[in-house]
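So you can see what is in the structure, the chains are spelled out below.
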Amino acid sequence: MEASPRDNDITESANYITKYCEVTAMDVKNAYLPETAHRHFEVRLFNRCVEPFERPFREHWHFLFEAALIKGGSGVYTTPGAVYPIRPGDVFLFACNEIHCVTRIDPGAPLQLMNIHIDPSYLWPENGAPLTPRFLAMPFSHSAAFENRLAADTRAARDIAALMLDVEREFDRRDSEYALMVRSKLTELFVTLLRETDYLDESAAQGGAAQHAETVRAAIDYIREHLIESISLRD
């Protein structure tokens, strides 16, 4: 049976991601926003090349949203509820405090991956512009139907991988207003997740995750407004 135009498009997209990662990746070692904030950062991008290994599952998490692009190698990514194969061009996404662990890197080649860690507050505009509950909830949780792995042969993986590589390019070149471009690309990444996957359902968008985000944002806004004043927990 002849492949449909969409099938051809997805196949070409997967080939593009793999080829681009192998041929033109910049492999930025570590990059931060703000630039000098190596501990209390809003965004961190880094590349790793890890030799083959196998280990038991361990609980690893952090209060940061994580996007990982596989540039080379293969293996296994494990969460409490699933075991995912790792292939070049795959994208893995983990909400804040979501447990995840690479438990195997296959022999024959190291695992090459690029990670982007994002503090949820980075998505909140300084000028207090309104954001939808859906968008606010995204870093904190996702729907039960969402799988952490976006396989390389899917349109969502192609689009998100391209945005991640754009972010890496901005960090690598550091052209004028590169930090603004990084914010633009990462915002587009979250919108793409909403539009092209089942990352979020309406109950999460209207429920605790969005309310939690609003509470945290209000606290941070208060601290910013009263930074030079004496502040107590009672305030």
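Residues numbered from 1 in each chain as written. Predicted model: local features only at pLDDT ≥ 70, side-chain atom pairs only at ≥ 80, totals over all residues. Heavy atoms only, no water.

Visitor: Help me get a handle on the pairing of strand β2 (residues 43–50), residues and values and all.
Guide: Working note: regular strand, side chains alternate between the two faces of the sheet. The pairing of strand β1 (residues 30–33) with β2 spans 4 bridges and is classified as antiparallel. For N30, the partnering residue across the bridge sits in β2 and is F46. (Pairing = 2+ DSSP bridges. Helix = DSSP H or I, 4+ residues; strand = E, 2+ residues; numbered from the N terminus.)

Visitor: Could you give me a rundown of the sheet that holds β2, with the residues and numbers involved?
Guide: Each strand in a sheet pairs with its neighbour through backbone hydrogen bonds, running either in the same direction (parallel) or in the opposite one (antiparallel). A sheet is described by the order of its strands in space; here 6 strands give the open sequence β1-β2-β9-β4-β7-β10, paired in antiparallel fashion. Sheet topology places β1 and β10 (149–150) at the edges, where each strand pairs with a single neighbour. Here helix α3 (residues 155–173) sits on the sheet in contact with β1, β2, β4 (65–72), β7 (91–94), β9 (111–118) and β10, set at roughly 95 degrees to β4. (Contact = heavy atoms within 4.5 Å. Axes fitted to C-alpha atoms, helices over the stretch in contact; angles between N-to-C directions.)

Visitor: Break down the nonpolar core for me, with residues and values.
Guide: Of all hydrophobic cores here, the largest spans 41 residues; its most connected members are V91, L93, M164, F171, L186 and L193. Of all the secondary-structure elements, those providing two or more residues to this core are β1, β2, β4, β7, β9, α2 (133–137), α3 and α4 (178–196). Counting residues per element, this core draws most heavily on α3, which supplies 9 residues. Those residues in contact with L93 that lie beyond four places of it in its chain are F65, E66, A67, E98, F146, N148, L150, I160 and L193. If you look at the next biggest cluster of nonpolar residues, it comprises 11 residues, including I70, F92, L111 and L113. (Core = buried A, V, L, I, M, F, W, Y, C linked by side-chain atoms within 4.5 Å. Buried < 20%, exposed > 50% of the residue type's maximum accessible area, 1.4 Å probe, protein only.)

Visitor: Go over α3, please, and point to the residues and values.
Guide: The terminal C-alpha atoms of α3, which comprises 19 residues, lie 27 Å apart, in line with the 27 Å expected from a rise of 1.5 Å per residue. Immediately downstream of α3, the backbone of R174 shows phi near 50 degrees, a positive value. (Expected span 1.5 Å × (residues − 1).)

Visitor: So what's going on with the pattern of salt bridges? Which residues, and what values?
Guide: Taken as a whole and assessed by the stated rule, the structure comprises 8 salt bridges. Across the pair R104 and D106 runs a salt bridge whose closest N-O atoms are separated by 2.7 Å. On the basis of relative accessibility, which here comes to 27%, the residue R104 falls in the partly exposed class. Measuring nitrogen to oxygen at the nearest pair gives 3.4 Å for the salt bridge that ties K185 to D166. Of this pair, K185 sits in helix α4 while D166 is found in helix α3, placing the two residues 19 residues apart along the sequence. Put simply, E54, R104 and D106 are held in one network by salt bridges that share partners. (Salt bridge = Lys/Arg side-chain N within 4 Å of Asp/Glu carboxyl O.)

Visitor: Explain the layout of surface pockets residue by residue, including any values.
Guide: Picture a little ball the size of a water molecule; that probe, rolled over the atoms, points out where space is still empty. When its volume is computed, the largest pocket comes out at roughly 350 Å³. R55, H60, Y77, V102 and L113 are the residues nearest the centre of the largest pocket, which is lined by 18 residues in total. Of all the secondary structure elements, the ones that give two or more residues to the lining of the largest pocket are β2, β8 (101–105) and β9. Top contributing element to the lining of the largest pocket by residue count: β9, with 4 residues. (1 Å grid on protein atoms, 1.4 Å probe; cavity = no way out; pocket = protein on both sides within 12 Å on 5 of 7 lines; lining within 4 Å. Points joined across faces, edges and corners; volume = space filled by probe spheres on them.)

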